[in-house]
Every structure is written in structure tokens, then in C-alpha cells.
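Chains, contacts and geometry: an overview
For reference, the chains in residue letters:
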Amino acid sequence: MRKKNFIPRNKKIIPYIFVFCMAILSAVVFTKDIDSAKAAGSIYLNNSSLTLEVGHYSTLKVKGTSQKVTWKSANEKCATVSSGGRVTAMGWGTTTVYATVGGKKLSCKVTVVQMSSRDFTLAPGASKTLSLWGANNTVTWSSSNKSVATVSSDGKVTGKAAGTANITAVLNGKSFTRKVTVIDMDINEKSIVLEYDGKFSLTQLGYGRSKKLKVAGTNMKATWKSSNEAVAAVDSSGKVVAKGAGTATITASVDGASVSCKVTVLKISNNELTLKKGQTAKLSVYGASGEITWDSYKKSVATVAADGTVTAKSAGTAKIVANVNGRLVRCIVTVK
């Protein structure tokens, strides 16, 4: 009788176990590859676009991975990016910030804007046009208090009445605001007449070589300026000093608000004359823009003609006065 070869049962199933294990391992590897592919596909930035004002910042984050991220800005003059994804606006314009992770390159468009003005001041009726530099889309403008200041669709702000209002520009859903203060300024004198090189005191209102101007309606410090410092100079406190014959405009400004005073400086050609009996001398008033009326306060000593010609009559002193639109300058005449 032929003897049969005996194979243990467990040895028969070993190949099946091996095949089964390999199948499981392949499935695990395949599944891991799928999961990796899915994970790679879900890596993204928390923002695909940013709108920032110069000097401000926002932090970008990569989602879907814990791998190391490398950051880069295409234009660092516009915006920089730190190793942690912090984007800082440097100058108005546009750039792209890139995040590279796991062989994948992500990007975020960055728009940097800058308002053309900081907080500002206007007088009622005055206007100032604001711009949002760097804006590449339509900007929407609005005022928080239209009774104080209005703003047009192109950013022109107009003062209406004393108070404050916030002027807001909206771009890409982001708001940028500036405060406008409207002040109803006034000045204590709208026009003054000063005399240059006068040697005799006058008691009439508005005479003398200097005058202090003051601004009302605001506690803010005014900046003073003369349109012609050869005629009238003004210091930081508003004191006006005559420098020469002519006219000048003194302006007090607080940001965009301003008030002004017209200054006329008169100078008589001679504030003293010494004549002998029968002699004549011609007087003029420099800086006068209107008709001049001449008069002698002691005609027995000296007379004066309509053209300013003085005639000595007898020994003594006489005051010759020139009236320029109600303003007086004078010359003392001594006759020997």
C-alpha cells in the first residue's frame, strides 16, 4: 500500500494568510495615499485677499497642515510678511504674498491704501477733497453727521456747521475713517489801518503802528501769515506790526479753516516840516488807495491845498492832517 504525504493543515493556509496580509497592507498604504492627497488638497490660507491701510497689519494662517511654511512678498515696498505670516502694509499699491508648504504654493492678494489726509478742520462753506490712494476699485464715501459736513461720491467734504463728523471710505468691504472738525471762526478786526514811521500819538481808534488780532470760535492754536511782510508782519500771537506803506492781508488758519483781516499801512511823506514864512512844501500819503482830504488845524500858521501843498503863513506850529477814507495821518509844521 502506497504511503500518502501528509501536509499539516496550518501549512496549507500560510499562503492564504500571506496574501491576505499583503492585501491589507496594500489597502492601508493606498488609503494613506488617499488621505495624504486629500490633506494636500485641503491646505489653504485663511484669507485669499487683504485690504490694509499703510502702517496697519493682518496675520495670514495656513490651514490644513502643521508643516513648516515659507512666506514671501512679491513687493516688499508695498507689504512685508514675517516668518509667522504677519503682513504689514508699507506703501500704497498692490502685491501678492505667497505661502509655500509641502510643495504647494498658496497666494493672497494684498491691496494697501492710504487716506490723503489725517483728521482735519474746515470752516462752514469750505471744502476739502479726500482720496484713498491705492484703491483699485470703487470707493464708497459717507458722513456720520451730514448737518456738520457732507461728502460727495468723489470724496469732496464740505463744512456745514460747527461740530464734528466722521468721513468714511469703504473699499472691498473695509472702512477707513477720518474725523472732520467744523469750526465757525471769527476775527476781532476785519480791517485795520496802521501808520508807519509816525512820531505823534493819536487817540483815534485803529491808529498806531501795531495791532493785536485775535481769533474767536475755537480753542485750537491758529497759524498766522501775512501776504506782504514788507507792509505788515505778524507774529505767532497775532500781533501785527507796520513795516511799510501799502496793503496786506493777515490770515489766521486752523487746518483748513481760516479768517483774514485787511491791513492798510499809511505813511506821510514828512511827519515834520520846518518852513520859513512864505515857503511851500508838498506832502503826500503813501499807501493811500482812496481820496485824500487835507486840512490845517491852525490856518494862521500854515495852510494846505487840496493836493497837499503846505504854505507857511506866520511863526508858530500847525498840525496838517490828511484824511484817507476816515483815517488820519498828520504832519507838524513849524514856521520860523
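Here the structure is shown first, and the text comes after it.
Residues numbered from 1 in each chain as written. Predicted model: local features only at pLDDT ≥ 70, side-chain atom pairs only at ≥ 80, totals over all residues. Heavy atoms only, no water.

Considering the overall build of the chain
As a reminder, the rule being used: Helical segments are the DSSP runs of H or I of at least four residues, strand segments are the runs of E of at least two, and each set is numbered from the N terminus. Burial here depends on accessible area, computed with a 1.4 Å probe over protein chains only, as a share of the maximum for the residue type. Under 20% is buried, over 50% is exposed, and the range in between is partly exposed. Accessible surface area values rest on a Shrake-Rupley calculation with a 1.4 Å probe, where residue burial reflects the displayed protein chains alone.
Within the chain, the secondary structure is distributed over 1 helix and 34 strands. Evaluated residue by residue, the chain yields a buried proportion of 35% over its 336 residues. A total of about 19600 Å² of accessible surface is found on the chain, and carbon and sulfur atoms cover 50% of it.

Describing the sheet that holds strand β32 (residues 309–312)
Rules: For two strands to count as paired, DSSP must find a minimum of two bridges between them. Axis definition: a line fit to C-alpha positions, over the contact stretch in the case of helices; interaxial angles, taken between N-to-C directions, run 0 to 180 degrees.
Ordered by their spatial adjacency, 3 strands build an open sheet running β28-β32-β31, and the pairing between neighbours is antiparallel. Strands with a single pairing partner mark the edges of an open sheet, and in this sheet they are β28 (280–282) and β31 (302–304). Along the sheet, successive strands turn relative to each other by an average axial angle of 20°, direction set aside. By the bridge criterion, 3 bridges tie β31 to β32 in an arrangement that is antiparallel. Bridged to Thr-303 within β32 is Thr-311.

A closer look at the environment of Thr-100
Here is the rule: In what follows, a contact means two residues having at least one pair of non-hydrogen atoms within 4.5 Å.
Mapped onto the elements, Thr-100 comes out in strand β8 (residues 93–101). In this structure, Thr-100 is in contact with Lys-68, Val-69, Thr-70 and Lys-105, ignoring residues within four places of it in sequence.

Side note on the layout of surface pockets
To be explicit about the condition: The way it works is a 1 Å grid over only the protein atoms, where trapped points that fit a 1.4 Å probe form a cavity and open points with protein on both sides within 12 Å along at least five of seven lines form a pocket, and then any residue with an atom within 4 Å of a point lines it. Grid points are joined across faces, edges and corners, and a volume is the space filled by probe spheres set on the points. Residues were grouped as follows: Ala, Val, Leu, Ile, Met, Phe, Trp, Tyr, Cys and Pro as nonpolar; Asp, Glu, Lys and Arg as charged; and all remaining residues, including Gly, as polar.
Its boundaries defined by the atoms lining it, the largest pocket holds a volume of some 180 Å³. Lining the largest pocket are 14 residues, with Val-193, Thr-264, Ser-289, Val-324 and Asn-325 positioned closest to its centre. Among the elements of the structure, β19 (191–195) and β26 (257–268) are those that each provide at least two residues to the lining of the largest pocket. Of the residues contributing to the lining of the largest pocket, the split by class is 5 nonpolar, 7 polar and 2 charged.

Quick word on the packing of aromatic side chains
Defined as follows: Under the pairing criterion, centres of Phe, Tyr and Trp rings, with the six-membered ring standing for Trp, must be within 6.5 Å; the plane angle then separates stacked pairs below 30 degrees from edge-to-face pairs above 60, leaving the rest tilted. Whether a charge sits over a ring comes down to the Lys NZ or Arg CZ being within 6 Å of the ring centre and within 35 degrees of the ring normal.
Within this structure, the stated rule accounts for 1 aromatic pair. Between Trp-92 and Trp-133, the ring centres sit 6.2 Å apart and the planes meet at 40°, which makes this aromatic pair tilted. Of the two residues, Trp-92 is situated in the loop between β7 (86–89) and β8 and Trp-133 in strand β12 (residues 132–133); the sequence distance between them amounts to 41 residues. Residue Trp-92 is classed as partly exposed on the basis of its relative accessible area, which comes to 49%. The positively charged end of Lys-105 is found above the aromatic ring belonging to Tyr-98, 4.5 Å away from the centroid.

Let's talk about the pattern of salt bridges
Put simply, the rule is: We define a salt bridge as a contact between a side-chain nitrogen of Lys or Arg and a carboxyl oxygen of Asp or Glu at a distance within 4 Å.
All told, the structure shown has 5 salt bridges when counted by the stated rule. Between Lys-211 and Glu-189 there is a salt bridge, with its nearest N and O atoms 3.6 Å apart. Highlighted residues: Lys-211 in strand β20 (residues 210–212) and Glu-189 in the loop between β18 (186–187) and β19, separated in sequence by 22 residues. Since its relative accessible area comes to 24%, Lys-211 is described here as partly exposed. When its relative accessible area of 24% is taken as the criterion, Glu-189 is described as partly exposed.

Description of the pairing of strand β5 (residues 70–73)
Burial along β5 is one-sided: the residues Trp-71 and Ser-73 are buried and none of Thr-70 and Lys-72 is. In this structure, β5 lies alongside β8, joined through 4 bridges in antiparallel fashion. Considered in β8, the bridge of Ser-73 is made with Val-97.

Re unusual backbone geometry
The backbone of Asn-172 shows a phi angle near 55°, a positive value even though the residue is not glycine. The topology assignment puts Asn-172 in the loop between β16 (163–171) and β17 (174–182). Judged by its relative accessible area of 45%, Asn-172 falls in the partly exposed class. In this structure, Asp-197 takes a positive phi of about 65° despite not being glycine. Topologically, Asp-197 is positioned in the loop between β19 and β20.

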